[in-house]
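Breakdown of the fold
Below are the chains, spelled out letter by letter.
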Amino acid sequence: MKVLKLSIALLALCSNTLFCDEKLDDYISKNKKEQFDYDFKKNEAESSKLRDSWIAPLNLNYSHTKSNPYGDDQTSENAAIKMDQPIFQSGGIYYGIKFAEASKIYSNYSIDVVKRKLIKDAISLLMQIKQMDLKISKQKLQIENSEINLAQKKEGYLNGQLDSGFLDSAIVERNILIQALYDIETNKERVISKFHAISDMNHENTSVPTLKLITQEQFLEQNIILCMSESEIIKNGYAKDLTVTKYLPRVNATAGYSWDKSNTSYQFGPNEKEYYSFGFKANLPLDINSFKDVESSKIDYLKSKLVVEDRKRELIALFEQVMQNIDNFEKKKQLSVENRDIYEKLLADTQDLFRAGYKTLYDVELLQNSLEIQKGDVEIYEIDKQLELLTLYEMYKDEI
């Protein structure tokens, strides 16, 4: 909790958004954005269909037949319009509409969760690429230092000041560092491939967004996972009420119009008639499973309320863990800053001693490389902090 309070004290908010001046959905490819657009449009259509499902279809029928039994030509036509429209369902119509609206909100959140996960993955991969560039530069500096160390050991061995074991260790150390560089470069290419699988951007000239810290209160209030869970409570509440109305009285208005026309060769003119009907129809279903059905929907509703509390607890634990990780990376960063300051002082003194003839060029180059390594570590740890914040962004409901 102490870490949490410290992190909150260091907040740098950007008007209720986690990212500043970045259009985040640009980080995913045009094709994937269009797929998400279609998902939202389909959800809109499905919601409208569900909302209006209580409106019964108007059935239109028409038939035309022609026959020739026993050589006698006969034709007949029939047209009909029939309506069987619910007008009262003990609240079922109202709850059905509300359930459709709640389902739409829940489904939109579900789609948005997937979309934000993909955006988070794209930004995370981009950050990893930038971080690997720093690690490659750092590794090359370490290789340069190992080569300087190898040259020093070689001179000491040839001058009889060191035995071959020191020279052999320097060679092994250099080879290990070079192999590690190859591993970093290979991993970087793998990450680049993953990035271009979900983004149209060029990783070489695409800037990484700057993430800002948020409070625990903001994280929970603007959390898309919690919003989705809370919308599920509303959806399941209307589903429960809708299930109850299935077993209550309902009334339908019925109406119809029919037209018939027939003609035979022995008749004088066609035989034509029309008629209409209207009325009401009441229904009360008696189902042995009605109680179980209602109880099942009630359980879903009560469970969804518990799920929200459980997820809130999980999110609080996640937030505190992220803040702890950020605090640890900040400590490492500050240590590198302190080391950088030490190396800057040592380098300045060593350069003076080199000009006076008391130190070699090797000594100057070693300290210069070590100074650059510490500068790189500061940037590497800063990206580590940003990667931790991405975990929060994935669930943070800001405007995209």
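Residues numbered from 1 in each chain as written. Predicted model: local features only at pLDDT ≥ 70, side-chain atom pairs only at ≥ 80, totals over all residues. Heavy atoms only, no water.

Thoughts on the nonpolar core
Rules: By convention a nonpolar core is built from buried Ala, Val, Leu, Ile, Met, Phe, Trp, Tyr and Cys residues, the set being connected through side-chain atoms within 4.5 Å. Classification of residues uses two cut-offs on accessible area relative to the type maximum, computed with a 1.4 Å probe and protein chains only: under 20% is buried, over 50% is exposed, and between them is partly exposed. Working definition: helices are DSSP H or I runs of at least four residues, strands are E runs of at least two. Numbering for both runs from the N terminus. It only takes one pair of heavy atoms within 4.5 Å for two residues to be counted as in contact.
Within the largest apolar cluster, 46 residues are counted, with the highest numbers of intra-cluster contacts made by Ile123, Met127, Phe219, Met323, Leu389, Leu390 and Leu392. At the level of elements, helix H3 (92–158), helix H4 (164–198), helix H5 (216–221), helix H6 (224–245), helix H7 (290–356) and helix H8 (361–393) are the ones that each hand at least two residues to this core. Looking at this core, the element that brings in the most residues is H3, giving 12 residues. Aside from chain neighbours lying at most four places away, what touches isoleucine 123 is Leu24, Tyr27, Pro209 and Leu390. Residues Ile136, Ile143, Ile178 and Ile184 belong to the second largest nonpolar core, which totals six residues.

Some details on the packing of aromatic side chains
Convention followed: Side-chain rings of Phe, Tyr and Trp, where Trp is taken by its six-membered ring, are said to pair if the distance between their centres is within 6.5 Å; with planes under 30 degrees apart they count as stacked, over 60 as edge-to-face, and otherwise as tilted.
Taken as a whole and judged by the stated rule, the model has four aromatic pairs. Measuring from ring centre to ring centre gives 5.3 Å for tyrosine 94 and tyrosine 95, while their planes differ by 70 degrees; the resulting arrangement is edge-to-face. Judged by its relative accessible area of 48%, tyrosine 94 falls in the partly exposed class. Tyrosine 95 gets classed as partly exposed once you look at its relative accessible area, which sits at 25%. Following the ring pairs from residue to residue traces out a cluster consisting of Tyr94, Tyr95 and Tyr238.

A word on the sheet that holds strand S2 (residues 74–88)
We apply this condition: Strands are treated as partners if at least two bridges between them are detected by DSSP. In this description, a line fitted to the C-alpha atoms serves as the axis of each element, helices being fitted only across the stretch in contact, and the angle between N-to-C directions of two axes falls anywhere from 0 to 180 degrees.
With respect to topology, four strands assemble into an open sheet ordered S1-S2-S3-S4, the strand pairing being antiparallel. Unpaired on one side and paired on the other, strand S1 (59–67) and strand S4 (271–283) mark the two borders of the sheet. Across the sheet, the axes of successive neighbouring strands diverge by a mean angle of 10 degrees, strand direction being ignored.

Observations regarding the confidence of the model for the protein
A low pLDDT means the predicted coordinates there should not be read in detail. Under the convention used in this document: Looking at any residue, its pLDDT shows the predictor's confidence there, from 0 to 100.
In this model, the protein carries a mean pLDDT of 88, and residues with pLDDT of at least 70 account for 92%. For the protein, helix H1 (residues 2–9) is the element with the lowest average pLDDT, namely 33, and H8 is the one with the highest, namely 95. Counting contacts from residues 1–22, a segment whose pLDDT is below 50, to residues more than four positions away or on other chains yields 49 contacts.

Looking at the packing of H6 against H7
To keep it simple, the criterion reads: Should an angle fall under 35 degrees it is taken as roughly parallel, and over 145 as roughly antiparallel, whereas 65 to 115 is taken as roughly perpendicular and any remaining angle as oblique. As a working rule, the residues Ala, Val, Leu, Ile, Met, Phe, Trp, Tyr, Cys and Pro are called nonpolar, Asp, Glu, Lys and Arg charged, and the rest polar, with Gly in that last group.
With their axes 8 Å apart at the nearest point, H6 and H7 run at an angle of 170 degrees to one another. As judged from the angle between their axes, H6 and H7 are roughly antiparallel. When its residues are assigned to classes, the contact of H6 with H7 shows 10 nonpolar, six polar and nine charged.

Concerning H6
The condition that has to hold: Expected helix span is computed as 1.5 Å times (number of residues minus one). Polar contacts here mean pairs of N or O atoms no more than 3.5 Å apart (in protein, one a potential hydrogen donor and the other a potential acceptor; neighbouring residues in sequence count only if both atoms are side-chain atoms).
Taking 1.5 Å per residue as the helical rise, H6 with its 22 residues ought to reach 32 Å, and the 32 Å between its terminal C-alpha atoms agrees with that figure. N-capping of H6 is provided by asparagine 223, with a side-chain oxygen placed 2.9 Å from the backbone N of isoleucine 225.

Here's the deal with the pairing of S2
Relative to S2, S1 is paired through nine bridges, and the arrangement is antiparallel. Within the sheet, the bridge partner assigned to leucine 60 lies in S2 and is isoleucine 81. Two strands pair when backbone bridges link them, and S2 and strand S3 (residues 250–264) are joined in this way by 14 bridges, in the antiparallel orientation. For serine 76, the partnering residue across the bridge sits in S3 and is serine 262.

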